[in-house]
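Architecture at a glance
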Amino acid sequence: MAKVLLEMKSITKTFPGVKALDNVNLKVEEGEIHALVGENGAGKSTLMNVLSGIYPFGTYEGDIVYDGEVCRFHKIKDSEKKGIVIIHQELALVPYLTIGENMFLGNEQGSKWCIDWNKTYAEADKYLEMVGLTDSSKTLIKDIGTGKQQLVEIAKALAKHAKLLILDEPTSSLNETDSRALLDLMKKLQKEQGMTMIIISHKLNEVSYVADKITVVRDGSTIETLDSKTDDISETRIIKGMVGREITDRFPKRHDVQIGDVMMEVNNWTVYHPEFSERKVVDDVSINVRAGEVVGIYGLMGAGRTELAMSIFGRSYGIGISGELKLGGRRVTLKSPKMAIKAGLAYVTEDRKGNGLVLSNSILRNTTLANLEGVSTGGIFLDHDKETEVAQEYVEKLRTKTPSVEQLVGNLSGGNQQKVLLAKWMFANPDVLILDEPTRGIDVGAKYEIYCIINDLAKAGKSVIMISSELPEVIGMSDRIYIMNQAKIVGEMEASEATQENIMACIVGVRGESENAESVNADSVGSEA
Amino acid sequence: MGAGKIKNFLRKYMMLIATVIVVIAFYFITGGQSLNPDSIDRLISQNAYVFVLGTGMLLCILTGGNIDLSVGSVVCLAGSVGAIIMQTRLFGALIPWPVAIIVMLIMGLLVGLWHGYWIAYVKVPPFIATLVGMLAFRGLANIFLKGKDVIVENKDFMNVFGGSDTCYVPDFLKNVGPALEIGGVNLNKTCIVFTILLALGIMIYTFVNRARLIKNGYKVDYLAVVILKTILIVAVILWFGYKLASYRGIPTAFIWIALILAVFAYITTKTTLGRNLYAVGGNEKATRLSGIDTRKVMFSAYTLMGVLAGFASILVIARGQKAGPTVGVGFEMDAIAACFIGGASAYGGTGSIGGVIIGATLMGVINQGMNMAKTPANYQKVVKGVVLILAVLFDVLMQLKRKGAKKKKVKKNAIDVVTTEEGGAKS
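Residues numbered from 1 in each chain as written. Chains lettered and ligands numbered in written order. Predicted model: local features only at pLDDT ≥ 70, side-chain atom pairs only at ≥ 80, totals over all residues.

Overview of the overall build of chain B
When you go through chain B residue by residue, the secondary structure sums to 15 helices and six strands. For chain B, the residues scored as buried account for 42% of the 427 residues in total. (Helix = DSSP H or I, 4+ residues; strand = E, 2+ residues; numbered from the N terminus. Buried ≥ 20, exposed ≤ 12 C-beta atoms within 10 Å, placed from the backbone.)

The following block contains the structure:
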């Protein structure tokens, strides 16, 4: 048995109100590729942040034993000194610096007072060769694609003399070919350098392809560790570990559901990435929602769900948007959020602090922000009494816990902030509400209340689209479910037929299908030629 | 709980308290001179431009800490054009002064539109767009002035906007009833009557509004607190009115400042535009996704700033009785300082007209007090700088403390863990 390089013993990490990690144990042997899998919010990234010192020693409980000694990392530099290097999902490269400059940022070559650029670029080229990148190290980062940027990140890690490399969702922004190349590079590094690696990924096919061991994390605890030599590590087996909890009555039931006509219809909707203009983030998607219906869109992070929602909501995301949008049977073009709101749409963002609320403003001001016409004369002169009345009404209706409506939203808890956000959009009186991860980061009790609000909305004849990456939530709340993966809708089913397994099967299945589709395309091109 | 309340009270009224302390301090330093009626009168007339420009600057700062560096140059440019027009003869007669006023306001408006367009629609960073204005408009003004001062001689103009000895609201009630005299000083009766009416108005409004709120079932402050507050406000107003009345009455510039402040206090608190300014500064993305055209909001802020700069130029040339190449130098910094001293956030989203009033007053009091105490000009600048950093520091520290309180808790836990660990190791 190989030497154990890293052991994390009963790690517990608490955030105000949430236990993000609960008694987690992880053992990584030298020279292996160890995968961490789990649903969003299961605690994988938190665990890696503890390991790399982003959450400094003392803010968590438990021990990190690395290379035979107990480590106390207070900052990232401490862990890097030991050879633990983390590569984050969002690349940390400076676009207007060269590859070489980026690789040695904070680790400059030469003496203290003078950077030796010859040495820098020579060293950089050496590591670039190691990762199989042929571009000159003097190329600017902005001029190479994301695939190559990911390789630069790895080269950068190697230049820091990494012994343990942590890759957080390394392939989430890569296409198939680049992803495969990256995984192969990982295997090569393992073989040639004896590098130990931890990979966090949502893409289970990749995990089965590359990992020696797989640890499943669920709800802040490590559930099991599978060994590729002795255990079955098929995707279905991993999924079972990931979602293995039972669905109890965490979801309020709706009675006498009345579903009406189609309220919103989206046909052949395609959206491109605003920066990488050749990348499709939403690919030929067609969905519809009826009055009084709750439609769930399930997909993992990066599947294109938020992009779909925001592009529908007045083109607030993406470029080159094409496709047809029908509201109440009439074809509409919504060029701005303002038009979308007028047309009866509401988008409740997943990022309530970044895109949703004005934290420095009061509950009252946030509640009325999307519908100031409703509380003013002529759209200009605000009626403060009416505003107070409205804000008070929603605070009572949604049971927001606050001393007064003048309370700043920034001082509220996550669940209460979410309620204020919902109140804002309910007051805008839309016909169709798109709720993006409405229960992200809020506690179980508040979740239940949010579910009740969603049910009430549907009962009042509104159409609700609920985007979520929590399977039980999607199954428990929706009437109908769309499954989205890699920018496409890969499945649609009635909630009654939905199970966790067959939804995951849709996602796993897309790989085979897309390959088929490509070969068909290739055939047709061939026949035309 | 009590400590928290005191902290909140301090947060809210810190600068007001500081102003009062500074006023009292200078009263003793200058041997009572700083609170003489003529000093108070001068305080208003000399600092009129800070109030007006500070109001405009607040709008810009609210949108996200954006500032307008050009206002001093705009004052110079619009002032020059206005002064030149007033001195120009057309068909043998001087061009009437209202024409000059309209032209000055339009100049301000045009500058505002120009800045607004570049900043809101082309997304030129405000700092750069207005730096361009700061350079170009002063240059343009110098071209018009040919490098020389232009004297403003029009008496009517100066009477209306405040400049010479006669620029006070005339005492309409001088001959009504017996003369009012206190301590041998003849009081301006119009001023006294106006002050009393204002004080009564405020009292009546406060209690009528409170009654209405109670009737509608809203939460209100304790009656004792309200009464105390009202008494304080009324006392300050009466004292202020008395001081003015024992000099020459209400300076016309004061009327203009009060009007501007009132209008913009209304705009920032009671209109959708005002609400949007705060929202954009607090979270631009969220505001855009709430269906508000954030570009229009930015555009409006800079346009209004331009108009206010045009208006300030009117007050400035009336007061100085001339336009000149160096008029308005450093005005932008006075306006910015007034906003920040008054509690506006450098990141946008918070701030108020009340704050601008306090900030501008504090700066004015310090300026005047130091002048009376014969502090050398260079030291005065150092003192003003220190006041600004203290004011901002206070705000930053208050916020840090709130965050620090949370952090400390975590650290304390951490220490607990360490001690138990060590204990374990020993055993």
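Topic: the overall build of chain A
Summing up its helical and strand segments, chain A has 17 helices and 22 strands in all. Relative to a compact globule of 529 residues, whose C-alpha radius of gyration would be 24 Å, chain A shows 25 Å and is just as compact. Counting only C-alpha atoms and orienting by the principal axes, one finds that chain A spans roughly 70 × 65 × 50 Å. Here chain A holds 529 residues, and the buried ones make up 47% of them. Within chain A, contacts between residues at least 6 apart in sequence are counted, and of these 68% link residues at least 24 apart. (Rg over C-alpha atoms; globule rule 2.2 N^0.38 Å. Contact = placed C-beta atoms within 7 Å.)

Let's talk about the packing of helix H3 (residues 71–87) of chain B against helix H4 (residues 97–121) of chain B
Residue and element names in this part refer to chain B. The N-to-C vectors of H3 and H4 enclose an angle of 155°; their axes lie 9 Å apart at closest approach. When the interaxial angle is binned, H3 and H4 end up roughly antiparallel. Handedness of the H3/H4 crossing: right-handed. Note on element contacts: H4 touches H3 through Trp97, Val99, Ala100, Val103, Met104, Met107, Gly108 and Val111, opposite Val74, Leu77, Ala78, Val81, Gly82, Ile85 and Met86. (Axes fitted to C-alpha atoms, helices over the stretch in contact; angles between N-to-C directions. Parallel < 35°, antiparallel > 145°, perpendicular 65-115°, else oblique. Left-handed = near helix turned anticlockwise from the far one by under 90°.)

Considering the sheet that holds strand E6 (residues 84–87) of chain A
Residues and elements named next belong to chain A. Taken together, six strands build an open sheet; the order of strands is E6-E7-E8-E3-E9-E10 and the sheet is mixed. Both edges of this open sheet fall to E6 and strand E10 (221–227), since each of them pairs with a single strand only. Each strand axis lies, on average, 20° off the axis of its neighbour in the sheet, ignoring direction. Where strand E9 (residues 213–218) meets E10, six bridges bridge the pair, whose relative direction is antiparallel. (Pairing = 2+ DSSP bridges.)

Quick notes on the domain arrangement of chain A
The domains assigned to chain A are domain 1 (1–83 + 163–245), domain 2 (91–161) and domain 3 (262–503). Taking only C-alpha atoms into account, the centre of domain 1 of chain A sits 33 Å from that of domain 3 of chain A. (Domains from an automatic or database assignment.)

Overview of the nonpolar core
Ala155 and Ile454 of chain A together with Val52, Leu53, Val75 and Leu315 of chain B are the most contacted members of the largest nonpolar core, which has 263 residues in total. With 17 residues, the single largest contributor to this core is helix H12 (residues 294–320) of chain B. The residues touching Leu53 of chain B, leaving out its near neighbours within four places in the chain, are Val71, Leu308, Ala309, Ala312, Phe331 and Ala335 of chain B. (Core = buried A, V, L, I, M, F, W, Y, C linked by C-beta atoms within 7 Å.)

Looking at the sheet that holds strand E11 (residues 262–272) of chain A
Residues and elements named next belong to chain A. Here four strands make up an open sheet; going across it, the order is E12-E11-E14-E15 and the pairing antiparallel. Two strands in the sheet have a free side with no partner beyond their single neighbour: strand E12 (280–290) and strand E15 (330–331). Here E11 runs beside strand E14 (residues 319–327); their pairing, made up of six bridges, is antiparallel. Opposite Val266, over in E14, you have Leu325 as the bridge partner.

Brief notes about the packing of helix H2 (residues 37–62) of chain B against H12 of chain B
All names here are of chain B. Between H2 and H12, whose axes approach to 8 Å, the crossing angle comes to 175°. Relative to H12, the element H2 lies roughly antiparallel. For the pair formed by H2 and H12, the contact residues are Ser45, Ala48, Tyr49, Val52, Leu53, Thr55, Gly56, Met57, Leu59 and Cys60 on the first element and Ala301, Tyr302, Leu304, Met305, Leu308, Ala309, Phe311, Ala312, Leu315, Val316 and Arg319 on the second. Along the lines of polarity and charge, the residues of the contact of H2 with H12 split into 17 nonpolar, three polar and one charged. (Nonpolar A, V, L, I, M, F, W, Y, C, P; charged D, E, K, R; others polar.)

Here's the deal with the interface of chain B and chain A
How large an interface is tends to be reported as the accessible area lost when its parts come together. Across the contact, 25 residues belong to chain B and 29 residues belong to chain A. A class-by-class count of the residues in the side of chain B that touches chain A yields nine nonpolar, 10 polar and six charged.

Looking at helix H13 (residues 331–341) of chain B
Residues and elements named next belong to chain B. For H13, a buried count of 10 out of 11 residues is recorded, marking the element as mostly surrounded by other parts of the structure. Among all positions of H13, only Phe331, Glu332, Asp334, Ala335, Ile336, Ala337, Ala338, Cys339, Phe340 and Ile341 are buried. Positive backbone phi, at 95°, marks Gly343, one or two positions downstream of H13.

A look at the environment of Thr268 of chain B
Residues and elements named next belong to chain B. Checked against the element boundaries, Thr268 lands in helix H9 (residues 252–270). Considering only alpha carbons, one finds Thr268 and Val99, 169 residues apart in sequence, at a separation of 30 Å. Ignoring sequence-local partners within four residues, the contact set of Thr268 consists of Gly274, Leu277, Ser352 and Ile353.

What about the pairing of strand E20 (residues 463–468) of chain A?
Residue and element names in this part refer to chain A. Here E20 lies mainly inside the structure; six of its six residues are buried. Here E20 shows no split at all, with Ser463, Ile465 and Ile467 on one side and Val464, Met466 and Ser468 on the other all buried. In this sheet, E20 lies alongside strand E13 (residues 294–298) in parallel orientation, the contact comprising five bridges. When the sheet's bridge partners are listed, Val294 is paired in E20 with Val464. Here strand E19 (residues 432–436) pairs with E20 via five bridges, running parallel. Along E20, the bridge assignment pairs Val432 with Ser463.

A closer look at the confidence of the model for chain A
Of all residues in chain A, 93% have pLDDT values of 70 or greater, and the mean over the chain is 85. Note on residues 510–529 of chain A: pLDDT is under 50 here. Beyond four places in sequence and across chains, it has five contacts. (pLDDT = per-residue confidence, 0-100.)

Digging into the environment of Tyr379 of chain B
Locating Tyr379 of chain B in the fold gives a position in helix H15 (residues 377–426). As for Tyr379 of chain B and Leu223 of chain B, which are separated by 156 residues in sequence, their C-alpha atoms are 46 Å apart.

Some details on unusual backbone geometry
Residue and element names in this part refer to chain A. A positive phi angle, near 55°, is found at Asn23, a position not held by glycine. Phi at Glu169 is positive, roughly 45°, even though this residue is not glycine. Positionally, Glu169 belongs in the loop between strand E7 (164–168) and helix H6 (176–193). Exposure remark for Glu169: the 21 C-beta atoms within 10 Å place this residue in the buried category.

What about the confidence of the model for chain B?
Residues and elements named next belong to chain B. Model confidence for chain B is summarised by a mean pLDDT of 85, while 91% of its residues fall at 70 or above. Low pLDDT, under 50, characterises residues 404–427; the stretch is placed with six contacts to residues that sit more than four places away or in other chains. Across the predicted assembly, pTM comes out at 0.78 and ipTM at 0.79.

Let's talk about helix H7 (residues 189–215) of chain B
Residue and element names in this part refer to chain B. For H7, which comprises 27 residues, the first-to-last C-alpha distance of 39 Å matches the rise-based estimate of 39 Å (1.5 Å per residue) to within 8%. Residues of H7 that are buried include every one of Lys189, Cys191, Ile192 and Thr195, and no others. Where H7 is buried, its residues meet helix H8 (223–245). Backbone geometry just after H7 places Gly217 at a positive phi near 80°. (Expected span 1.5 Å × (residues − 1).)

Remarks on the environment of Tyr60 of chain A
All names here are of chain A. If you trace the backbone, Tyr60 turns up in strand E4 (residues 60–66). Distance in space between the C-alpha atoms of Tyr60 and Leu185 is 34 Å, their sequence separation being 125 residues. Contacts of Tyr60, omitting those with residues within four sequence positions, involve Ile11, Thr12, Lys13, Val50 and Tyr55.

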